[in-house]
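Okay, here's what each chain looks like letter by letter:
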Amino acid sequence: MAVELCLLLLLLFCGSTISEVQPIYKPPPGTLDFGFVPAKTYDTGAYHEPGAIGILFKIVHAFLYLVQPNTFPQDLIRKLAQQQFGNTQGDYQKAIYYEIGFIVSAALGLLFILLLPLVGLCFCMCRCCDNCGGEMHQRQKKNADCQRSCFATFLFVASLIISVGVLCAYAANQHLTNQVRGAKKLVNSNFKDLKIFLNDTPAQIDYLVSQYNTTKDKALSDLNNVGPVLGSRVQEQLGKEVRPALDAALTMAGAIRETKEALENVSVSVEVLQEGTERLHANLTEVKMHLSNTLNDSACSAAQAASTCNIIRNSLAQLNINANFSGLPGVSSQLAKINDVLKIDLSSLVQKGYAAFNDTPDLVVNQTRNILSDIKSVLESIGSNITTFTRALPVQKILADLMVHLTQSEAYVQDYFPLVEQYDFYRWLGCLILCCMLVLILVFYYLGLLCGTCGYDKHASPTTRGCISNTGGNFLMAGVGFSFLFSWVLMIVVVLTFVTGGNVEKLVCEPFEDKNLFKVLDTPYLLNKHWKNYLAGVIFKNPNVNLTFEKVYSDCKENKGIYTSLHLEHLFNINELLNISMYTEDVALKIEHIQINLSKIILLDEIGKENLLNFSSSGIDGIDFSAYLTEINKSVTKVDLLSFANDLEARADQLPKGALENALKGHANNIRMIHNQQVVPLEQAMSTLNQSIRLLKRTSSELMVKVKNVISAVNAAQDLINNNASQVIVQETKKYMDTIIGYFEQYTEWVKESISMEVAACKPIANVIDTAVDIFLCSYIADSVNTFWFGLGGSSIFLIPAIIFAVKLSKYYRRMDTEDVYDDSVEQW
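Report on the accompanying structure. Keep in mind that this is a model prediction, so the values were computed, not measured.

A few points about the overall build of the protein
No. 1: A count of helical and extended segments in the protein gives 27 helices and two strands.
No. 2: Across the 829 residues of the protein, 48% fall into the buried class.
No. 3: Here the analysis covers contacts within the protein between residues at least 6 apart in sequence; of these, 90% occur between residues at least 24 apart.
No. 4: Counting every atom, the protein has about 40600 Å² of accessible surface; 58% of that belongs to carbon and sulfur.

Now the structure itself:
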């Protein structure tokens, strides 16, 4: 017990590496990896498997339940511990009611102890007077053989039952001795675990302290990368307005270049179309003239060709141009203005704005260099303070003292263990002698049965029985005599061990298993009438702390840390070590003094803005787009020349073979050539003109409004940087500070969790209690003792019928002095 108390005192100091941890900032920063707290595995398995004899243990437990089925009397135990038992009249009644099974059984045992020797004495005196079967005379009966067989059978069965009881008692006796001899290994295992427990705790504490470097390194990493971290955050927030404004300006710069290309395409396309349509008109006029001449040929006057020639002649009016591009207005003035606008590279100006804005992280680095060095100094000083505080704790001294006590306790156990084994040998010898008493009686009974059965001659008269049969009867009477001599001694041992072992099982072992025993120990003012919670009073000198034996045992059983099990936060206030506000106050103050000036960032200068305004006043919105689109939507010619040529050729095929047919087909081929060489290029030019005009129309739509919107967005973004960036910087600096502080919060939370569940895990303490109570007291001693008295008591009880049957049977085996052959009266003894 002294060892356990020393361990508790050590762990009180070990628990001083943790304090209340403030809530973690939500959402938490990136998770830090602190690794695993170093811990060794404990060897002791506080569990006993009795083996085959466990069946006997269960039978004994079932018997004890029949004797004592009542629940654990917590109220009576509390009153007894508080020395208040008997203050009320019902206390004795409750105690008697609870112990009634043991009382009745013990009373029967005492009656056995008193009556059996007395009966034996009277029996001996009676036989000495030739009564009670002492007269060596046997009256012969017709059913004598049946009676002899029944008596022999009953005695044999009783002897077998007694033999089983002796074997149970011997097995329990030997089991206890074997367990005592093997207990040294279990004791040494417990001491080994306790030493591991003491030796590992400082290393675990050092590991927790050393992991502060992980937190510090992560914080320093973020500080060294203040540009990418804080600068990028500021840039990201400002970029929500700055980037769209610059993107719009860059888009407008691209629109200027596209406008120039579109105007150039319009100018070139109109020129091409004007020249092409004039040339096409001349060629079509020439084709019509040649066709008319051909149709005026005399061959067309023939009846077969007249109608066909007339149809062709009537379709010649379709050979003419349809679109007229000569009247379209020019765009030279707009193109000249756009060229003037493009003399200034607006895209380059916008890219400069992008570059200036993207330099925000570098600006942050340059403007926070001095403050960051101060913060790093603060972090280094925090680490030094933690190390200094930890070294100031008297952990090593306490460990050394406790190790001395533990070593002394181990030496004490090792010195006295041979004495325990010696006394156990005396106990084993005494129990063996008790078993031998029964064995001696059994030997006489078995020899009597053997000799009597084998030597019995049913043809011999009682006075002429053989020596072997007579010897068997004498063995039976010797067994009866020793039964009277030993039975009361055996029953005294049975009653004492029954009352003691049975109550230990019911009042200690079973309540310990279901933890009712801890509930009694946790009763307020039980162990100390001035203390509400005894354990809290011993450890904290404050009995009002809710610390119970049951909770401590359960937590240690689950291998939780001693800090959690003993609620050591009530003993040590170490906020000075892991108080977040203390550690982060200096860091927060330094970070709050970060001031970043972004006024040097120019998104778009006045030249760029003026360039945008010049673009909006370039006059492209004054172009007559409807005139262009009207002509563009027309076809180049009134009729599709390919269709016309194909139709002309088809009609020529209807004519008789000859010069007229060939001439018309020649004109058709000529028309196809005009289409391919002149109409197709014109159509391509019209397509280019169509795309350019539509692009210009889209660009010019509310051009002034669009430009002003772009300039307004750029001005707003610039105003945000110049005037409101400080608010964004403060906001992002606060988030940045929370991230740095979040690392410390993670560290302290991890330390708290480690202390609660891993550091100084108190499984060895629970193992010591389990070893002392559950294994040594209950499994080794109580179960073995209870099984011993169960076997010994059962054998002692069955001595009574064995005595009766042996006395009755001996009359049939022993040689009589006289006989009465024909007497059928009832035998008296």
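A short note on the packing of aromatic side chains
No. 1: Under the criterion given, the structure shown has 21 aromatic pairs.
No. 2: Between Phe 444 and Phe 482, the aromatic rings sit 5.2 Å apart at their centres with planes inclined by 5°, giving stacked as the arrangement. With a gap of 38 residues between them, Phe 444 in helix 13 (residues 395-455) and Phe 482 in helix 14 (residues 467-513) connect regions that are remote in the sequence.
No. 3: Put simply, the rings of Phe 63, Phe 102, Phe 498, Trp 789 and Phe 790 pair up and form one aromatic cluster.

Some points on the environment of Lys 634
No. 1: Here Lys 634 shows up in the loop between helix 22 (625-632) and helix 23 (641-654).
No. 2: For Lys 634, a relative accessible area of 33% translates into the label partly exposed.
No. 3: Between the C-alpha atoms of Lys 634 and Ala 323, which are 311 residues apart in sequence, the distance is 5.8 Å.
No. 4: Ignoring anything within four residues of it in the chain, the contact list for Lys 634 reads Asn 322, Ala 323 and Met 686.

A few points about unusual backbone geometry
No. 1: Unlike most non-glycine residues, Lys 515 shows phi in positive territory, near 70°.
No. 2: Along the chain, Lys 515 falls in the loop between helix 14 and helix 15 (516-521).
No. 3: By relative accessible area, which is 26% here, Lys 515 ends up partly exposed.
No. 4: For Asn 559, which is not glycine, the phi torsion reads 65° and is therefore positive.
No. 5: By relative accessible area, Asn 559 is classed as partly exposed at 29%.

Comments concerning the side chain of Ser 483
No. 1: By the element assignment, Ser 483 lies in helix 14.
No. 2: Only 2.7 Å separates the side chain of Ser 483 from the backbone oxygen of Gly 479, close enough to count as a polar contact.
No. 3: Not counting residues up to four positions away in its chain, the partners in contact with Ser 483 are Ile 441, Tyr 445, Leu 799 and Ile 803.

Digging into the side chain of His 175
No. 1: Residue position: His 175 is located in helix 5 (residues 144-210).
No. 2: The class for His 175 is buried, based on a relative accessible area of 8%.
No. 3: At 3.1 Å, the side chain of His 175 forms a polar contact with the side chain of Ser 784.

What to know about the packing of helix 2 (residues 54-67) against helix 14
No. 1: Relative to each other, helix 2 and helix 14 sit at 90°, their axes nearing to 11 Å. One way to sum up the angle between helix 2 and helix 14 is to call them roughly perpendicular. Here helix 2 contributes His 61, Phe 63, Leu 64, Tyr 65 and Val 67 to the contact with helix 14, which in turn contributes Phe 498, Gly 502, Glu 505 and Lys 506.
No. 2: Class assignment for the residues of the contact of helix 2 with helix 14 results in five nonpolar, two polar and two charged.

A look at the environment of Leu 526
No. 1: Relative to the elements of secondary structure, Leu 526 occurs in the loop between helix 15 and helix 16 (534-540).
No. 2: In sequence terms Leu 526 and Lys 79 are 447 residues apart; their C-alpha atoms lie 8.5 Å from each other.

Let's talk about the state of the cysteines
No. 1: Per the counting criterion, the structure on display carries two disulfides.
No. 2: Put simply, Cys 509 and Cys 778 are joined by a disulfide, and their sulfur atoms are 2.1 Å apart. Taking the torsion about the S-S bond as the criterion, the Cys 509 to Cys 778 disulfide, at about -100°, is left-handed. On the criterion of sequence distance, the pair formed by Cys 509 in helix 14 and Cys 778 in helix 26 (residues 763-797) is long-range, its members being 269 residues apart.
No. 3: Its relative accessible area of 6% is what places Cys 509 among the buried residues.
No. 4: Between the sulfur of Cys 556 and that of Cys 762 lies a disulfide, 2.2 Å long from S to S.

Focus on the pattern of salt bridges
No. 1: If you walk through the whole model with that rule in mind, you get seven salt bridges.
No. 2: The shortest N-O distance in the salt bridge between Glu 410 and Lys 195 comes to 2.7 Å. Of the two residues, Glu 410 sits in helix 13 while Lys 195 sits in helix 5, which places them 215 residues apart along the sequence.
No. 3: A relative accessible area of 17% means that Glu 410 is categorised as buried.

A word on the packing of helix 26 against helix 27 (residues 799-813)
No. 1: Between helix 26 and helix 27, the shortest axis-to-axis distance is 4 Å and the interhelical angle comes to 30°. Taken as axis vectors, helix 26 and helix 27 run roughly parallel relative to one another. Where helix 26 abuts helix 27, its residues Ser 795, Ser 796 and Ile 797 lie against Leu 799, Ile 800 and Pro 801.
No. 2: Residues of the contact of helix 26 with helix 27, tallied by class, amount to four nonpolar, two polar and no charged.

As for the nonpolar core
No. 1: In terms of nonpolar packing, the biggest core is built from 78 residues, with Leu 319, Tyr 628, Leu 664 and Leu 689 touching the most fellow members.
No. 2: Those elements that place two or more of their residues in this core are helix 7 (226-295), helix 8 (303-315), helix 9 (332-341), helix 10 (346-358), helix 22, helix 23, helix 24 (659-700) and helix 25 (703-757).
No. 3: In contact with Leu 664, other than residues within four places in its own chain, are Leu 291, Thr 294, Leu 295, Ile 312, Leu 648, Ala 652 and Leu 655.
No. 4: Counting residues in hydrophobic clusters, the runner-up holds 53 residues, among them Val 37, Val 187, Ile 375 and Val 768.

Let's talk about helix 22
No. 1: Taken together, the buried positions of helix 22 are occupied by Phe 625, Tyr 628, Leu 629, Glu 631 and Ile 632. Angular distribution of buried residues about the axis of helix 22 spans 165°; they occupy a single face of the element.

Thresholds, definitions, all that
- Residues numbered from 1 in each chain as written.
- Predicted model: local features only at pLDDT ≥ 70, side-chain atom pairs only at ≥ 80, totals over all residues.
- Heavy atoms only, no water.
- Helix = DSSP H or I, 4+ residues; strand = E, 2+ residues; numbered from the N terminus.
- Buried < 20%, exposed > 50% of the residue type's maximum accessible area, 1.4 Å probe, protein only.
- Contact = heavy atoms within 4.5 Å.
- Areas by Shrake-Rupley, 256 points an atom, 1.4 Å probe, with all protein chains shown as cover.
- Phe/Tyr/Trp six-rings, centres within 6.5 Å; stacked < 30°, edge-to-face > 60°.
- Polar contact = N/O pair within 3.5 Å; in protein donor to acceptor, adjacent residues only side chain to side chain.
- Axes fitted to C-alpha atoms, helices over the stretch in contact; angles between N-to-C directions.
- Parallel < 35°, antiparallel > 145°, perpendicular 65-115°, else oblique.
- Nonpolar A, V, L, I, M, F, W, Y, C, P; charged D, E, K, R; others polar.
- Disulfide = S-S within 2.5 Å.
- Salt bridge = Lys/Arg side-chain N within 4 Å of Asp/Glu carboxyl O.
- Core = buried A, V, L, I, M, F, W, Y, C linked by side-chain atoms within 4.5 Å.
- Arc of directions from axis to C-beta.

That is the geometry; function is a separate question.
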